[in-house]
Amino acid sequence: MIAPGSYPYATIVMSVILLLGITLFGYLIYRRFLLLRFGSPDPRIDKIKERAKKTLHFALFQKRLPRYPLAGFIHIVIFSGFLILAIRSLTLIGQGFFPKFSLLPLSINFAYSVVTDYTELLVMAICLFAMIRRAIMQPARYMHEEDKVNKKHKAEAYIVLALIVALMGTDISFEGSMIADNGQPSLLYPASSVASFFYAGFSEAMRQTIYLFSYWSHIVILLVFLCYLPLSKHFHVITAIPNVFFSKLNKGSIKPVFWERGDWKKSDNIGASKITDFTWKHIFDFYTCTDCGRCTDNCPASAVGRLLSPRMISIKLRDHAYASFPLSNPFRKVPVKRFLGDIIEEETVWACTTCGACEEECPVFIEYIDKIVDMRRYLVEAAKVPESLHKPLLELQRKGNPYGEMPQKRTDWATSSNSTAVNILNESDQCDLLFFVDSCASFDPRAQDVARSIVTLFQKADLDFGILGKDEVDSGHEVRRMGEEGLFEQLSERNTNAINKRKYRRIVTTDPHAMNCLKNDYHLSHPVVHYSEVLLETLNSGKLKWKGSINGNETYTFHDPCYLGRHNGIYDTPRKIMRAIPGMRMVEMDRSKARSFCCGGGGLYFWHEVATEKERMAVKRVNMAHEAGANVIVTACPFCLINLEEAIKANRNTDQMKVIDLIELVNNLV
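Residues numbered from 1 in each chain as written. Predicted model: local features only at pLDDT ≥ 70, side-chain atom pairs only at ≥ 80, totals over all residues. Heavy atoms only, no water.

**Q** Would you explain empty space enclosed by the protein in this entry?
**A** Sizing a probe to match a water molecule and rolling it over the atoms shows the empty space that remains. A complete count under the given rule lists four cavities of 30 Å³ or more for this structure. Looking at the lining of the second largest cavity, its residues break down into eight nonpolar, six polar and one charged. (1 Å grid on protein atoms, 1.4 Å probe; cavity = no way out; pocket = protein on both sides within 12 Å on 5 of 7 lines; lining within 4 Å. Points joined across faces, edges and corners; volume = space filled by probe spheres on them. Nonpolar A, V, L, I, M, F, W, Y, C, P; charged D, E, K, R; others polar.)

In structure tokens, the structure reads:
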């Protein structure tokens, strides 16, 4: 056979094709990059080693994909195939200039050609199966209500899969025509050898034509595929690896109103209501969304019927971004059209509990919480806060807590006659552990029981601790995540001043929300820990010892609070404590640890009712515990405790199920 590069003008043809393809691709990338330049600043060039390690694990080794075994296998095969076949495609391009061009030395070229043939056959089969699966099986996560009006994205998937099949097919045809001409089919080349049987009866001239047509078709399809990527949802083929590299490292934190800008209070534009109000990284997220639906499939708000699909937020805003910067008109100015209330409904923005399930599941690390908080900041500034949140926000501003209680009553739980006196620290007093109680444990009767249990256990362990008393106000965790940045700054400043006037070694909290806020939103010089971490230390050191055991037929399960687990990585500590309890019989719910299901409580959501909700999240969570075979749910968050108890009462299964806080469980047995 005459090699493609041996023909007259082959070099010119290849040069023209490459020039056209690369020029068009470069223009498309430039246009996409141009929109990023209009985004707000977002510093992401830090901790390079940590980012590189994360990229290696999650972008190259695809660590999250196997959570959905079948879909994960399909994508891993296709991704691996691209990596393996990249050398092959570059080699074919080089052969358009030099007939004997090869990127690999002869010593490994044979082995690589064998691997290539098997890989192309596997990738082609997987792509055909993926097309059938999308058309017939239709996984539930692709069937969100809003998908009915977003058929365009389904078509994109078929186009890309068809292009990949065509790429594999043309190279197999190219190799098969050569094998047919040589008359040497082999099991080492199953795909190409099968193709050669079809070409064996053709004339030499016809085989040469097939050979050349397959070659040039492969090159053209490769460049068409490359140029199609920035136009479709499959842009993630290019953007996924850098998106993981630039992803957020401190999960529990919330971005400031502005990065690298002065006092935000002097700005006329707060939050995000236009596409260019987002940071460049958050716009880059829109480019990178794979449209896999894992985020929505794991979103508890979506599961109970709230008007929220994280996936559709990315898809809608990506379409809006592309429409705002059309490729056909490169000189169009940045639009000022707002998307809130039109493309993204206000109810969608307020439906999110910021539990982080969507971000935990996303294989390319798209960030939703910061975007939602930025949209809420705009709505707060525009006085478009849900009516149910007006009163608690007003009480927080007036009295420092959402319950509307006077600050002097903040220590009533600790000074009541039926509890042991607690050390209330004055200015300049010192202690080992500064117990930050926060509003829920200070004023809610059920959460007060948890606070008293902490005090009792700390005293049993002879720990040196104290509280701020009336100088403490609400941590502001939910306030900030509701978008009320000004109120958050007031609360955090008051708490920081009070904390800094005491001497301590560590801050301990009962509420994971407070722990997360003090740890990630404040700027404190000392560590902030959850009580479970201190409790495990005291048990391991022998300061607390088991005096009782669990009797009866009770089976326990642990419900992971979102801000203890997903946002701060504390999964094993409470489980180690529970497993150490004599007589403990423990099971895990299907949704546990990083994939835990939010109870729907937390901060101001106690006061916010969502009209579209068909079922309470906490009710679904209680049912999950029942299905796991548990009749006692243990948690380590006052909001989870209260919310799950109310769900049990609402579900009328109080005889079958009960909830207890971890500290209460231990307190009864030491």
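**Q** Before we go on, may I ask you to explain the sheet that holds strand β6 (residues 632-635) in this structure?
**A** Within a sheet, each strand pairs with its neighbour through backbone hydrogen bonds, oriented either parallel or antiparallel. One open sheet accounts for three strands, arranged β5-β6-β7; its pairing is parallel. Of all strands in the sheet, those with a lone pairing partner are β5 (556-558) and β7 (658-661), marking the two edges. The average undirected angle you get between the axes of adjacent strands in this sheet is 30 degrees. Where β5 meets β6, three bridges bridge the pair, whose relative direction is parallel. (Pairing = 2+ DSSP bridges. Helix = DSSP H or I, 4+ residues; strand = E, 2+ residues; numbered from the N terminus. Axes fitted to C-alpha atoms, helices over the stretch in contact; angles between N-to-C directions.)

**Q** Sorry, what's going on with the pairing of strand β1 (residues 433-436) here?
**A** Along a regular strand, successive side chains alternate from one face of the sheet to the other. Every second residue of β1 is oriented toward a common face, with Leu433 and Phe435 on one face and Leu434 and Phe436 on the other, all of them buried. Here three bridges tie β1 to strand β2 (residues 465-467), and the two strands are oriented parallel to one another. Directly across from Phe435, in β2, lies its bridge partner Ile467. Where β1 and strand β3 (residues 506-509) come together, four bridges link them in parallel fashion. Across the sheet, Leu433 pairs through a bridge with Arg506, a residue of β3. (Buried < 20%, exposed > 50% of the residue type's maximum accessible area, 1.4 Å probe, protein only.)

**Q** When you look at the packing of aromatic side chains in this model, what are you seeing that I'm missing?
**A** Scanning all chains against the criterion turns up 19 aromatic pairs. Ring geometry for Tyr199 against Phe202: centres 5.9 Å apart, planes inclined by 40 degrees, an arrangement best described as tilted. By relative accessible area, Phe202 is classed as partly exposed at 37%. Taken together, a centroid distance of 6.3 Å and an interplanar angle of 75 degrees make the contact between Trp413 and Phe435 edge-to-face. (Phe/Tyr/Trp six-rings, centres within 6.5 Å; stacked < 30°, edge-to-face > 60°.)

**Q** In this structure, what is going on with the packing of helix α19 (residues 445-460) against helix α26 (residues 638-650)? I would like to understand it.
**A** Helix packing geometry: the angle between the two helix axes and the distance between the axes. Put simply, α19 and α26 touch, their axes get as near as 9 Å, and they point 135 degrees apart. Here α26 runs oblique to α19, going by the angle between their axes. As α19 packs across α26, the resulting crossing turns out to be right-handed. Together, Arg446, Ala447 and Val450 of α19 and Pro638, Leu641, Ile642 and Glu645 of α26 make up the contact between the two elements. The residue inventory of the contact of α19 with α26, partitioned by class, reads five nonpolar, no polar and two charged. (Parallel < 35°, antiparallel > 145°, perpendicular 65-115°, else oblique. Left-handed = near helix turned anticlockwise from the far one by under 90°. Contact = heavy atoms within 4.5 Å.)

**Q** It is not clear to me how the environment of Leu161 should be interpreted in this structure. Could you clarify?
**A** Mapped onto the fold, Leu161 is located in helix α5 (residues 151-182). On the basis of relative accessibility, which here comes to 8%, the residue Leu161 falls in the buried class. When sequence neighbours within four positions are dropped, the list of residues in contact with Leu161 reads Ile78, Cys127, Ala130 and Met131.

**Q** What exactly am I supposed to notice about the pattern of salt bridges here?
**A** Pairs may arise between side chains of opposite charge once their charged atoms sit close together. Scanning the entire structure with this criterion turns up 48 salt bridges. The salt bridge involving Lys265 is made with Glu489; its shortest N-O contact spans 2.7 Å. Within this pair, whereas Lys265 is found in the loop between α8 (236-245) and α9 (280-288), its partner Glu489 is found in helix α21 (residues 485-500), the two being separated by 224 residues in sequence. Close ionic contact of Glu485 with Arg377 constitutes a salt bridge, the shortest N to O distance being 2.9 Å. Highlighted residues: Glu485 in helix α21 and Arg377 in helix α15 (residues 369-381), separated in sequence by 108 residues. Note on Arg377: relative accessible area 1%, which makes it buried. Three or more residues joined by partner-sharing salt bridges are found here, namely Lys255, Asp374, Arg377, Arg480, Arg481, Glu485 and Asp521. (Salt bridge = Lys/Arg side-chain N within 4 Å of Asp/Glu carboxyl O.)

**Q** So what exactly am I meant to see when it comes to the sheet that holds β1 here?
**A** Read across the open sheet, the four strands follow the order β2-β1-β3-β4; overall the sheet is parallel. The open sheet has two edge strands, β2 and β4 (528-530), and neither has a second partner. Ignoring which end each strand starts from, the neighbouring axes of this sheet average 35 degrees apart.

**Q** So what exactly am I meant to see when it comes to the side chain of Asp511 here?
**A** Looking at the secondary structure, you find Asp511 in the loop between β3 and α22 (512-520). Among buried Asp, Glu, Lys and Arg side chains, Asp511 stands out as unpaired, with Arg410 the closest opposite charge at 10 Å. Those residues in contact with Asp511, other than ones at most four positions away along the chain, are Asp438, His530, Cys637, Pro638 and Phe639. (Lys, Arg positive; Asp, Glu negative; His and termini not counted.)

**Q** For this particular structure, what's the right way to read the packing of α8 against α9?
**A** Contact geometry of α8 with α9 gives a least axis separation of 8 Å together with a crossing angle of 140 degrees. By the angle between their directions, the pair α8 and α9 is classed as oblique. Crossing of α8 against α9: the hand is left-handed. Counting all contacts with α8, which are made through His236, Thr239, Ala240, Pro242 and Asn243, the residues of α9 involved are Lys281, Phe284, Asp285, Tyr287 and Thr288. For the contact of α8 with α9, the class distribution of residues is four nonpolar, four polar and two charged.

**Q** How do you make sense of helix α12 (residues 310-324) when you look at a structure like this?
**A** Spacing of three or four residues puts side chains on the same side of an α-helix, whose turn is 3.6 residues. The end-to-end C-alpha distance of α12 is 21 Å, a good match for the 21 Å that 15 residues give at a rise of 1.5 Å each. Counting buried residues along α12, 12 of its 15 residues qualify, which places the element largely inside the surrounding structure. (Expected span 1.5 Å × (residues − 1).)

**Q** Can you help me understand helix α4 (residues 106-137) in this one?
**A** Between its terminal C-alpha atoms α4 stretches 45 Å, which fits the 46 Å expected from 32 residues at 1.5 Å a residue. The complete set of buried residues in α4 reads Tyr112, Val114, Thr116, Asp117, Thr119, Glu120, Val123, Met124, Ile126, Cys127, Ala130 and Arg133. Gln138 sits one or two positions beyond α4 and adopts a positive phi of about 45 degrees.

**Q** Would you mind showing me how to read the side chain of Ser314 here?
**A** Relative to the assigned elements, Ser314 resides in helix α12. Using a relative accessible area of 1% as the deciding quantity, one classes Ser314 as buried. A polar contact of 3.0 Å, which involves the side chain of Ser314, links it to the side chain of Tyr368. For Ser314, the residues in contact, after removing those within four places along its chain, are Phe286, Cys289, Ile366 and Tyr368. (Polar contact = N/O pair within 3.5 Å; in protein donor to acceptor, adjacent residues only side chain to side chain.)

Keep in mind these values describe shape, not function.
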